[in-house]
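# Structure at a glance
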Amino acid sequence: MNFVTLSPALAAALAASAALVVVGFYLLRPPPQRLRVASTLLWERVVAARRRVNQRWRWWLSLLLALIIAVGLALAVAGPESDAPRGERRDLLLVVDNSPTMGAWRSDGRTRLDHALDAARAEIAAAPPGARFHVADTMRTASGAGLVEATEARAALDRIGAGLGGQPTFPDLSLLPAGEAGRETVFFTDGVSPMALPEGLRRVSVFEAGPNLGITAFGIRALATDATRHEAFVEIANAGGAAVEAVVSISGPGRAAQRRSVKVPGRGFASVTLSVSDFGGGALRAAVETADDRLELDDVAYAFLPLNRVLRVGLVTPGNATLERALRLDPRVRLTVMAPSRYGRGGSFDAWVFDRFTPPAAPLAPVLVFRPGEADWITPASRPVAAPAVASWLPDQPVLDNVSLADVQLDRAAALRTADRPVEVLARSADGQALITASARVPRWVATGFSLDDTNFSAQASFPVFLANTMQWLTEDNPVRAAGVGLVRAPLAAARASGVSAGSLVTRPVPGATLVSVPTPDFVTLEAPGERLRMLVNVLDPAVTDINASDLPSGPDAGARPATPQQPGGMPVWWWVALAAAALLLAEWVAFHRRWTV
Amino acid sequence: MSTTRSLFSENFLRRLEHLRLVTRRPVAGHLRGGHRSRRTGSGMVFADYRQYASGDDTHHLDWGIFMRLDRLILRLFEEEADLPVYLLVDASASMAHGQPRKFDFARQIGAALAYLSLLNYDRVSVVAWSDGVAAELPMRRGRTQVWPLFRFLEGMEPADGTDLAATLRGFFGASRTRGLVILLSDFLDRGAFDAAAHWLRQFRHEVVAFQVLSPEEMEPQLPDEAVLVDEETGASLALEASADLLRDYRAALEEHCRGIEAQCRRQGWTYLLARTDAPFEDLMLGALRREGVLR
């Protein structure tokens, strides 16, 4: 006799406990009340005529009935199953597909994964006595250790959840120890995720086609004509065969959600572009809503709208119309020009531009300095060098992205000292002197060893690009990273994580990073002492959205065994045990009221 | 039972004084009394004629017949004698049961009957019995014996078991004048009533049997499970009370009572069931008169 919910030892302990409780109750029954009567003569006659069973036997009969009922109920709770032979003994390797599409709902309100787990449990129940099992899944959420008994296999199945991120792969079962018995591999899948499957396995299909819309792309970009304005692009895929009317909504801080209806053709895509300039900066959430949707995971996506879309820049110069004009060309810049004598008289700026001016103390905002003077916080200039040539620069550095210094001529420049300073040299002269340097420490700064009066750089086409790149680099926030749903590796050690949707998230520290479990699309913020990292966690995968791309037939689970096969009368054993206990309970009730038992 | 007045109301006593015990057969008393006897003598009721014999009292010669027929014919009259009354009160432990106690109720009946017997110049003997004769008050006669008799009743207390047959055998085994036996008991006797009745039948006593039962015995209220302890023997009996069991008990009690009544009726005796919760005066002035015990 095996038990479904408990091990045999635990089931025996439960039955023994129930028996002890019953015996205890019988022994603790209060003694009957003693009443004095004139004579028991007539009572003796009555009782003698009625009493057919000896009083002691009645007590034992009652106790026996109660014990059988209690033990029967305890065993029914333990879920017994018959040991009757059910065919040839062999080991079963049960592999459950838990790729994201297995989270799709079926028409009965349960997911494909639920059906797969039920089918796996049915395989265990139908296995012959002595069979051993190995349980594995395609997303490596529950890795079984070797071949185990039915109880442990069921526990392993209980631990399998939907795998959300990563590429599903069929586990390598070749390393399992070979047993004397035969072996069969059963794969419970919807057949959507492409995997290399070994030969000879039996596939149990839990596939059922159904409608599904999902967001496959969600991005935010600045308008080409106005960098301060942004628009969102949402792409929706339809996995069903019929066209579907859907509503796309984008919500975020600063204003009410925007909604747009869209018709998505069957097995096709549709896109929506919405202006999001009126939202405040931060995470924006896109959602697609339809009347019938089988997979929720891909119905939501997040994108990040930049916070600093307008830059307040203070230009401190004794007078430089070229620089002023070049800065005003950037539509994001709100420029304030002031003489060096007026510096420090108030005003809040996102960045500074110092032209041949260097304050003794570093400003709180990042700064671009042309020809810096002597100051502790910035690289001091050495003696001027006449007509140096720009020999090399770093085109991959964001400040010099798309900026060419090949045609830049310098009448004179000061080489910038870089020794004992954590600065990056962006451009050098032919003799290796630093002409442009940058510091990434907060507040950032970029310094050129020349003023605009000593060069033709301001007349170059790349000069506005240089200014725009510099402003962008000086004022950029930490970059927002993107990741897929599931277990996310964030390059931030010992961080705490929280999502705007899920709240606090489960993390696990690993050397130099933190693993975050993100079960649904979310905008996740990780915080460690002195550092912060933001991550967009989305699905955005047409392969996940297309839940109907299966080569398996749609419908009832094909290849699965019945849930409780070969049970007497078509009912599980526990059902019969519980029925017998209930019948005995009824018999005890009748016997008690007829005074056959005590 | 401190005084007669505490036992009975004034009105009840006045009504009791107008009653007298009635016997169905001539009594065998040898003292003059108010009851008809088998002997002929100087009574008031004409009985028969017979030839005068030498030595007869000439006061009863019928001189009219002598004048017409010239024969000496003697007129005979029934002689009136007193009635020996034997008051047998069950003083077994079972009589201590009930509220009020069956024993107290039986003593009250006995006191009332003894009172009116003494008023009518009958001889009264009181016996307290359980598994034998526990105490005996010898024959008393006359009004002056009321108080000694009451004190005797007052001094009795229930104890021991019940054995009516042994009691009657012991008491009537000695020479007792035939009379009226008033038997006051619950008759919860493990011995057969028939065996006891044999002794009364043998000596041709006239019997009035009072079966005294308490309402607790007639309509018992028991918990679901109980152990019944016998007042007399101390034996215990465990049982589960159910409606069926209580119904069977009531049937058994009724059968028991009917059996005793049938025995009494068969002998021409009087049987009365006396519930301790019934009005006492109704029993004395109503039931006893209906049964012809009192007139």
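Preceding this section is the structure that the text describes.
Let us look at the structure shown here. Note that the coordinates shown come from a computational prediction; the quantities given were computed from them, not determined experimentally.

A separate point is the overall build of chain B. A count of helical and extended segments in chain B gives ten helices and eleven strands. With 295 residues in all, chain B has 53% of them scored as buried. Looking at chain B alone, contacts between residues at least 24 apart form 75% of all its contacts between residues at least 6 apart.

Residue and element names in this part refer to chain B. Most of helix α6 (residues 164-172) sits inside the fold, with seven of its nine residues counted as buried. Regarding α6, the residues found buried are Leu164, Ala165, Ala166, Thr167, Leu168, Phe171 and Phe172. The inward-facing, buried residues of α6 contact β4 (84-90), β5 (123-129), β6 (133-141), β7 (180-185) and α7 (193-202). For α6, the N-terminal capping position is held by Asp163, with its side-chain oxygen 3.4 Å away from the main-chain nitrogen of Ala165.

It is worth spelling out the interface of chain A and chain B at this point. The partner chain B presents 34 residues to the 23 residues of chain A that form the contact. Summing both partners gives a buried area of about 2800 Å² for chain A against chain B, and 61% of it is carried by carbon and sulfur. Three residues stand out in chain A for area buried against chain B, namely Ala38(A), Leu42(A) and Trp43(A), and they jointly supply 25% of the buried area on that side. The interface formed by chain A and chain B includes two salt bridges.

With 49 residues, the main nonpolar core has Leu21(B), Ile109(B), Leu113(B), Leu149(B), Phe210(B) and Met284(B) as its most contacted residues. Here this core gets twelve residues from one element, more than from any other, and that element is helix α4 (residues 102-119) of chain B.

It is worth spelling out the pattern of salt bridges at this point. Any two side chains of opposite charge can pair, on the condition that their charged atoms come close. This model, assessed by the stated rule, comprises 39 salt bridges over all chains. With its nearest N and O atoms 2.9 Å apart, the salt bridge here joins Arg121(A) to Asp158(A). Here the residue Arg121(A) occupies a position in helix α4 (residues 112-126), and Asp158(A) occupies one in helix α5 (residues 150-159), the gap between them amounting to 37 residues. Under the relative-accessibility criterion, Arg121(A) is labelled partly exposed at 29%. Of the residues examined, Asp158(A) reaches a relative accessible area of 53% and is grouped as exposed. Notably, a salt bridge pairs Arg250(B) with Glu219(B), separated by 4.0 Å at the nearest N-O pair. Taken together, the residues span a long stretch of sequence, with Arg250(B) in helix α9 (residues 243-266) and Glu219(B) in the loop between α8 (215-218) and β9 (225-230) at a distance of 31 residues.

Turning our eyes to something else, we now look at the sheet that holds strand β6 (residues 182-189) of chain A. All names here are of chain A. One open sheet accounts for four strands, arranged β5-β4-β6-β7; its pairing is parallel. Each end of this open sheet is capped by a strand with a single partner; those strands are β5 (133-137) and β7 (202-205). Strand-to-strand, the axes of this sheet are offset by a mean angle of 20°, without reference to chain direction. The pairing of β6 with β7 spans four bridges and is classified as parallel. Residue pairing in the sheet places Val186 in a bridge with Arg202 of β7. Contacts from α5 reach β4 (90-96) and β5 within the one sheet, and its direction differs from that of β5 by about 10°.

On to a nonpolar patch on the surface. Residue and element names in this part refer to chain A. A cluster of nonpolar residues, Trp574, Trp575, Trp576 and Leu579, forms a patch on the protein surface that exposes about 370 Å² of accessible area. Inspection of the secondary structure puts Trp576 in helix α9 (residues 573-593). On the basis of relative accessible area, Trp576 is assigned to the partly exposed category, the value being 35%.

Residues and elements named next belong to chain B. Along α7, the residues that are buried comprise Phe193, Ala196, Ala197, Trp199 and Leu200. Looking straight down α7, one finds that the buried residues subtend no more than 145° of arc, so they occupy a single side. For α7, the elements touching its buried residues are α6, β7, β8 (206-213) and α9.

Moving on, we get to the pairing of β8(B). If a strand is regular, its side chains alternate between the two faces of the sheet. Residue and element names in this part refer to chain B. A large share of β8 lies buried, amounting to eight of its eight residues. Alternating residues of β8 divide into Glu206, Val208, Phe210 and Val212 and Val207, Ala209, Gln211 and Leu213, and every residue in both groups is buried. Inspection of the sheet shows β7 paired to β8 by six bridges, in the parallel sense. Bridged to Ser185 within β8 is Gln211. Viewed along the sheet, the connection from β7 through α7 into β8 turns out right-handed. Where β8 lies against strand β11 (residues 270-275), six bridges are found, and the strand directions are parallel. In the strand pairing of β11, Val212 is matched with Ala274.

Residues and elements named next belong to chain B. Running from amino to carboxyl end, α7 crosses α9 at an angle of 20°, the nearest separation of the two axes being 11 Å. Considering the angle they form, α7 stands roughly parallel to α9. Read as a crossing pair, α7 and α9 show a hand that is right-handed. Residues Phe193, Asp194 and Arg201 of α7 lie in contact with α9, whose contacting residues are Ile260, Gln263 and Cys264.

Let us now look at the sheet that holds strand β9 (residues 230-238) of chain A. Residue and element names in this part refer to chain A. Taken in spatial order, the three strands make up an open sheet running β8-β9-β12, and their pairing is antiparallel. Of all strands in the sheet, those bounded by a partner on one side alone are β8 (213-222) and β12 (269-275). Ignoring which end each strand starts from, the neighbouring axes of this sheet average 20° apart.

Time to look at the environment of Gly161(A). Residues and elements named next belong to chain A. Within the fold, Gly161 resides in the loop between α5 and β6. Measuring from C-alpha to C-alpha, the distance between Gly161 and Met139 comes to 9.2 Å, with 22 residues separating the pair along the chain. With residues near it in sequence (within four places) discarded, Gly161 still touches Asn98, Leu113 and Thr141.

Residues and elements named next belong to chain B. A full pass over the atoms with the stated rule returns 22 aromatic pairs over all chains. Ring geometry for Tyr86 against Phe172: centres 5.5 Å apart, planes inclined by 80°, an arrangement best described as edge-to-face. Linking Tyr86 in strand β4 with Phe172 in helix α6, this pair joins segments that are 86 residues apart in sequence. Centroid distance Phe171 to Phe172: 4.9 Å. Interplanar angle 80°. Geometry classified as edge-to-face.

Moving on: the side chain of Asp299(A). All names here are of chain A. Take Asp299: it is sitting in the loop between β13 (282-289) and β14 (300-305). One buried charge, Asp299, has no salt-bridge partner; the nearest side chain with opposite charge is Arg285, at 8.7 Å. Each residue touching Asp299, except ones within four places of it in the same chain, is listed here: Asn212, Leu213, Gly214, Ile215, Ala286, Ala287, Val288 and Asp293.

All names here are of chain B. Considering the arrangement of structural elements, one finds Thr58 in the loop between β2 (45-51) and α3 (63-69). C-alpha separation for the pair Thr58 and Leu72, spaced 14 residues apart in sequence, amounts to 9.6 Å. Aside from chain neighbours lying at most four places away, what touches Thr58 is Tyr52 and Trp63.

All names here are of chain A. On strand β27 (residues 496-499), burial follows the alternation: Ala497 and Gly499 on one face are buried, whereas Arg496 and Ser498 on the facing-out side are not. Pairing geometry for β27 and strand β31 (residues 522-528), over four bridges, is antiparallel. Bridge assignment links Ser498 to a residue of β31, and that residue is Thr525. One ladder, built from two bridges, connects β27 with strand β28 (residues 503-504); its direction is antiparallel. In the sheet register, Ser498 faces β28, and the bridge partner there is Ser504. A loop of three residues connects β27 with β28, the two strands running antiparallel in sequence.

Cut-offs used in this document
- Residues numbered from 1 in each chain as written.
- Chains lettered and ligands numbered in written order.
- Predicted model: local features only at pLDDT ≥ 70, side-chain atom pairs only at ≥ 80, totals over all residues.
- Heavy atoms only, no water.
- Helix = DSSP H or I, 4+ residues; strand = E, 2+ residues; numbered from the N terminus.
- Buried < 20%, exposed > 50% of the residue type's maximum accessible area, 1.4 Å probe, protein only.
- Contact = heavy atoms within 4.5 Å.
- Polar contact = N/O pair within 3.5 Å; in protein donor to acceptor, adjacent residues only side chain to side chain.
- Buried area = accessible area lost by both parts, 1.4 Å probe.
- Salt bridge = Lys/Arg side-chain N within 4 Å of Asp/Glu carboxyl O.
- Core = buried A, V, L, I, M, F, W, Y, C linked by side-chain atoms within 4.5 Å.
- Pairing = 2+ DSSP bridges.
- Axes fitted to C-alpha atoms, helices over the stretch in contact; angles between N-to-C directions.
- Patch = residues over 30% accessible without salt bridge, like charges linked within 9 Å, V, L, I, M, F, W, Y side chains within 5 Å.
- Areas by Shrake-Rupley, 256 points an atom, 1.4 Å probe, with all protein chains shown as cover.
- Arc of directions from axis to C-beta.
- Right-handed = clockwise from strand over helix to strand, strands pointing away.
- Parallel < 35°, antiparallel > 145°, perpendicular 65-115°, else oblique.
- Left-handed = near helix turned anticlockwise from the far one by under 90°.
- Phe/Tyr/Trp six-rings, centres within 6.5 Å; stacked < 30°, edge-to-face > 60°.
- Lys, Arg positive; Asp, Glu negative; His and termini not counted.

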